[in-house]
Structure formats: structure tokens, C-alpha cells
Amino acid sequence: MQHKMEAFRLLYEQHHRMVYHIAYQYLQNHEDAEEITQDVFVQVHQSMGKFEGKSSIKTWIYRISINKSLDFIKYKNSKKRWFIFGLNRVIVNDKQLLIDQDNDDDAIEQLDKSALLYTQINALPENQKTAFILSKQDNLSHNEISEIMNLSVSAIESLVFRAKKTLQQKLAEKFDEYYKTD
């Protein structure tokens, strides 16, 4: 029993930052990402005996993290609770920034653009969003993403391409709207 607890503790120490990062990429909320991290490791602990070794432990934990994050988003959306970026408290790259009325307009505009980008990423279909985040934000190779998502490398390439194309179109539309209102 002691050996299993030590193994789990080591597993947690090696992977908890990765799990938090994945959850945060999906949720852009510190507290929710911490909750997902806890949920992931509860499931890992409960399912350790079922792990078949068909993939690496890291890949297995990645999959659980993504699924828990997506389930959390679905739950939140079903409760009609939306994640809103406000001008008073914005989280960018895991740092909370407090914005007041006296701050530089350029800084506020940059934060608005970051919020817009995350909003558009979150609006992508699940597979495109996952492939895009793993590729562009986590810097994983298409082979690694293929293993995590259990899809072919060509399917991953297609998902990332479509996600980038959709984001380019949506962001161009939003920026056109933004600059027309000035």
C-alpha cells in the first residue's frame, strides 16, 4: 500500500503542472483549472489499476485532462454560466492584471485583443480546439498530438489547419468590426 501511495505521489509531482496548464488553456480561470487538476488526479488514482500501458502515462493523463476540461465547459454552458473577461480583472498567461480607468489605453486594447483571441479559440469545434491548443500553445508535435487524441497525423494536420483558418477569418471579421466603430 505504501508503495502505491509513493508511486501516485511521484506521478502527481511529475504531471500536476501539465494538467493545470491544460485545464487553464481551456478554461482561462485559475480556480476552475485547480478544480480540474484535482478531478484529474482523483480519476488517475481511481483508475491506476486499469491503465493498460497502450500509451505513455503522460499521454493517458493528457487525455483525462482534456476530457475533464471539455466536460467542465459543457457543464458550465448547460448552466448558462459564461466566462467573461472584464476590464477590472483579466488573467493573461496565468497572471492576474487589475485594470483601472487611469491605465494606458494601449494596454487595455491589448488585453481586449487577448480576450477576443481566447473567445474565438473557445468557439472552435472541440477537436479543432484541442489540436490547436496542443500544437500552438503547448508546442507538441503532430505525432504527440496524434497519440493523445487517438487520431492519425494527417487528421491532426487537417484539424490544426482548419482551426488556424477559422481563427484567421473570425479574428479578421472581429477586427474589421472593432475598427469600423472607432
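Residues numbered from 1 in each chain as written. Predicted model: local features only at pLDDT ≥ 70, side-chain atom pairs only at ≥ 80, totals over all residues. Heavy atoms only, no water.

**Q** Report on the overall build of the protein, specifying residues and quantitative values.
**A** A count of helical and extended segments in the protein gives 7 helices and 2 strands. Going residue by residue from the N terminus, the α and β elements of the protein occur as α-α-α-β-β-α-α-α-α. Considering the protein as a whole, with its 182 residues, one finds that 37% of them fall into the buried category. Considering only contacts within the protein whose residues lie at least 6 apart along the sequence, 63% involve residues at least 24 apart. If you sum the accessible surface of the protein, you get close to 11,600 Å²; carbon and sulfur atoms cover 50% of it. (Helix = DSSP H or I, 4+ residues; strand = E, 2+ residues; numbered from the N terminus. Buried < 20%, exposed > 50% of the residue type's maximum accessible area, 1.4 Å probe, protein only. Contact = heavy atoms within 4.5 Å. Areas by Shrake-Rupley, 256 points an atom, 1.4 Å probe, with all protein chains shown as cover.)

**Q** Explain the packing of aromatic side chains residue by residue, including any values.
**A** In total, this model carries 3 aromatic pairs according to the counting rule given. Residues Y12 and F41 carry aromatic rings whose centres are separated by 4.9 Å and whose planes lie at 70° to one another, so their mutual orientation is edge-to-face. Pair noted here: Y12 is in helix α1 (residues 2–27) and F41 is in helix α2 (residues 30–47), with a separation of 29 residues, a long-range link. Using a relative accessible area of 34% as the deciding quantity, one classes Y12 as partly exposed. Measuring from ring centre to ring centre gives 5.9 Å for Y20 and Y24, while their planes differ by 20°; the resulting arrangement is stacked. Within this pair, Y20 and its partner Y24 are both found in helix α1, separated by 4 residues, close to a single helical turn. What makes Y20 buried here is its relative accessible area of 15%. In this structure Y24 comes out as buried when scored by relative accessible area, which is 7%. (Phe/Tyr/Trp six-rings, centres within 6.5 Å; stacked < 30°, edge-to-face > 60°.)

**Q** Describe the packing of α1 against α2, and please don't skip the residues or the numbers.
**A** Their axes nearest at 8 Å, the elements α1 and α2 cross at an angle of 140°. In terms of orientation, α1 and α2 fall into the oblique class. By crossing handedness, the relation of α1 to α2 is classed as right-handed. Contacts between α1 and α2 pair M5, F8, L11, Y12, H15, H16, V19, Y20, A23, Y24 and L27 from the former with H30, D32, A33, E34, I36, T37, V40, F41, V44 and H45 from the latter. (Axes fitted to C-alpha atoms, helices over the stretch in contact; angles between N-to-C directions. Parallel < 35°, antiparallel > 145°, perpendicular 65-115°, else oblique. Left-handed = near helix turned anticlockwise from the far one by under 90°.)

**Q** A description of the pattern of salt bridges should follow, citing residues and the corresponding values.
**A** This structure, assessed with the given rule, holds 2 salt bridges. With a shortest N-O distance of 2.5 Å, R9 and E6 are connected by a salt bridge. Taken together, the residues R9 and E6, both in helix α1 and 3 residues apart, mark about one turn of the helix. R9 gets classed as partly exposed once you look at its relative accessible area, which sits at 36%. Among the charged side chains, a network of salt bridges with common partners joins E6, R9 and E13. (Salt bridge = Lys/Arg side-chain N within 4 Å of Asp/Glu carboxyl O.)

**Q** Provide a residue-level description of unusual backbone geometry, including the pertinent values.
**A** With phi around 50°, Q28 is a residue other than glycine that occupies positive phi space. Tracing the chain through its elements places Q28 in the loop between α1 and α2. Phi angles above zero are rare outside glycine, and N139 is one such case at about 55°. Its place among the elements puts N139 in the loop between α5 (126–137) and α6 (142–149).

**Q** A description of the nonpolar core should follow, citing residues and the corresponding values.
**A** Judged by nonpolar contacts, the single largest core of 38 residues is most densely connected at Y26, V44, I61, Y62, I66, L134 and M149. With residues up to four places along the chain from it excluded, the contact list for I66 reads I22, Y26, T130, L134 and I148. (Core = buried A, V, L, I, M, F, W, Y, C linked by side-chain atoms within 4.5 Å.)

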